[in-house]
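# Summary of the model geometry
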Amino acid sequence: MAEPMKIRAQAEGDSANVKVLMNHPMETGQRKDAKTGQVVPAHFIQTVTAQVNGKTVLDAQWSQAISKNPFLGFKVKGAKAGDKVSVNWTDNKGDKNHAEAVVA
Amino acid sequence: MNTKRRTFLKGAGAAGTVAVAVAAGLLKPTEVLAAEWNKAAFDAKGMPDALKVLNATGAADSKDITIKAPDIAENGAVVPVEVTSKIAGTSSIAILVEKNAAPLTANFDLANGADGYVSTRIKMGQTSNVRVVVKAGAKSYTAVKEVKVTIGGCGG
């Protein structure tokens, strides 16, 4: 199972600023293992969705070209302190992870 | 000798079945994902193809899109990119790296009050233009910023 991710949501004026840090190797499928010389198979996050109070605000599709341990930042207008933000991702091997935070 | 050979064959047969089962099990989730994840767009090689799949070939240049990225990135494996679109009704933001093997890096669909803003970190193989395609209503807009890369971040 994937490692937990960090999520923080902060109210800024009339919108909320959400920052997510995920733990993922994001292998491109192009890199070779230094010891064995074998190509490391691709392993990367493909879809990320974010909800505020159960409503989808962001639906992202990613390629291998997102950096290792991906960072994602986005802003949601109208979200205020106390609102619940949840983030889900799925990678190309079917692994999933989920995190929740409350807007502060 | 004979018995050993028999055990070996038996073992090989069993392993074969497992492999088939695993392959079938692994194939399924990928197929399901493919429906959601736009494989054609991410596999597109070269900028014109990627833009075509995104349906953004004739995207208009826009000054309302701001790309915040370093002029010179020392490490191509981690290039912070921040995109702000001031275009009203921004519904999606796509980030493409012109000279990467597959240019389309990420596509963000925004809804229900999400601002025209995303921030992330991308990998770049070499010095290249970073292109952003924003969709608002039925129209596409685009902007470009060049990022010089000292050490590539795709192979290694």
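Residues numbered from 1 in each chain as written. Chains lettered and ligands numbered in written order. Predicted model: local features only at pLDDT ≥ 70, side-chain atom pairs only at ≥ 80, totals over all residues.

## Examining the overall build of chain B
Looking only at helices and strands, chain B has three helices and nine strands in total. From first element to last, N terminus to C terminus, chain B shows the α and β order α-α-α-β-β-β-β-β-β-β-β-β. For chain B, the proportion of its 156 residues judged to be buried stands at 33%. Restricting the contact set of chain B to residue pairs at least 6 apart, pairs at least 24 apart contribute 66%. (Helix = DSSP H or I, 4+ residues; strand = E, 2+ residues; numbered from the N terminus. Buried ≥ 20, exposed ≤ 12 C-beta atoms within 10 Å, placed from the backbone. Contact = placed C-beta atoms within 7 Å.)

## With respect to the environment of A79 of chain A
Residue and element names in this part refer to chain A. Tracing the sequence through the fold places A79 in the loop between β5 (71-77) and β6 (84-91). With 26 C-beta atoms counted inside 10 Å, the residue A79 sits in the buried group. Once residues lying within four places of it in the same chain are set aside, the contact partners of A79 are S15, A16, V52 and V103.

## Considerations on the sheet that holds strand β1 (residues 6-12) of chain A
One open sheet accounts for six strands, arranged β1(A)-β2(A)-β5(A)-β7(B)-β4(B)-β2(B); its pairing is antiparallel. Lying at the two open borders of the sheet, with one neighbouring strand each, are β1 of chain A together with β2 (65-68) of chain B. Strand-to-strand twist in this sheet, taken as the mean axis angle between neighbours without regard to direction, amounts to 15°. Sheet topology places strand β2 (residues 15-21) of chain A next to β5 of chain A; seven bridges connect them, and they run antiparallel. Of the residues in β5 of chain A, the one forming a bridge with A16 of chain A is V76 of chain A. (Pairing = 2+ DSSP bridges. Axes fitted to C-alpha atoms, helices over the stretch in contact; angles between N-to-C directions.)

## Examining the nonpolar core
Core analysis: the largest hydrophobic core is formed by 59 residues, its most contacted members being F74 of chain A together with I95 of chain B. If you tally residues by element for this core, the top one is strand β5 (residues 90-97) of chain B, at five residues. (Core = buried A, V, L, I, M, F, W, Y, C linked by C-beta atoms within 7 Å.)

## Examining the pairing of strand β6 (residues 104-110) of chain B
All names here are of chain B. With six of its seven residues buried, β6 lies for the most part within the structure. Inspection of the sheet shows β5 paired to β6 by five bridges, in the antiparallel sense. Residue pairing across strands places I95 opposite A106, the latter belonging to β6. Hairpin connection of β5 to β6: six residues between the antiparallel strands.

## Some details on unusual backbone geometry
Residues and elements named next belong to chain B. One non-glycine residue, N55, adopts positive backbone phi at about 65°. The topology assignment puts N55 in the loop between α3 (47-53) and β1 (60-61). With 13 C-beta atoms counted inside 10 Å, the residue N55 sits in the partly exposed group. Although it is not a glycine, N112 adopts a positive phi angle of roughly 50°. By the secondary structure assignment, N112 is in the loop between β6 and β7 (114-122).

## Looking at the interface of chain A and chain B
Of the residues lining the interface, 31 residues belong to chain A; the matching set on chain B comes to 33 residues. Every element with two or more residues in the side of chain A that touches chain B is listed here: β3 (45-52), β4 (55-62) and β5 of chain A. Among the elements that take part in the side of chain A that touches chain B, β4 of chain A stands out by supplying eight residues, more than any other. Considered class by class, the residues forming the side of chain A that touches chain B number 11 nonpolar, 14 polar and six charged. Inspection of the sheet shows β5 of chain A paired to β7 of chain B by four bridges, in the antiparallel sense. Looking across to β7 of chain B, one finds that L72 of chain A is bridged to T120 of chain B. (Nonpolar A, V, L, I, M, F, W, Y, C, P; charged D, E, K, R; others polar.)

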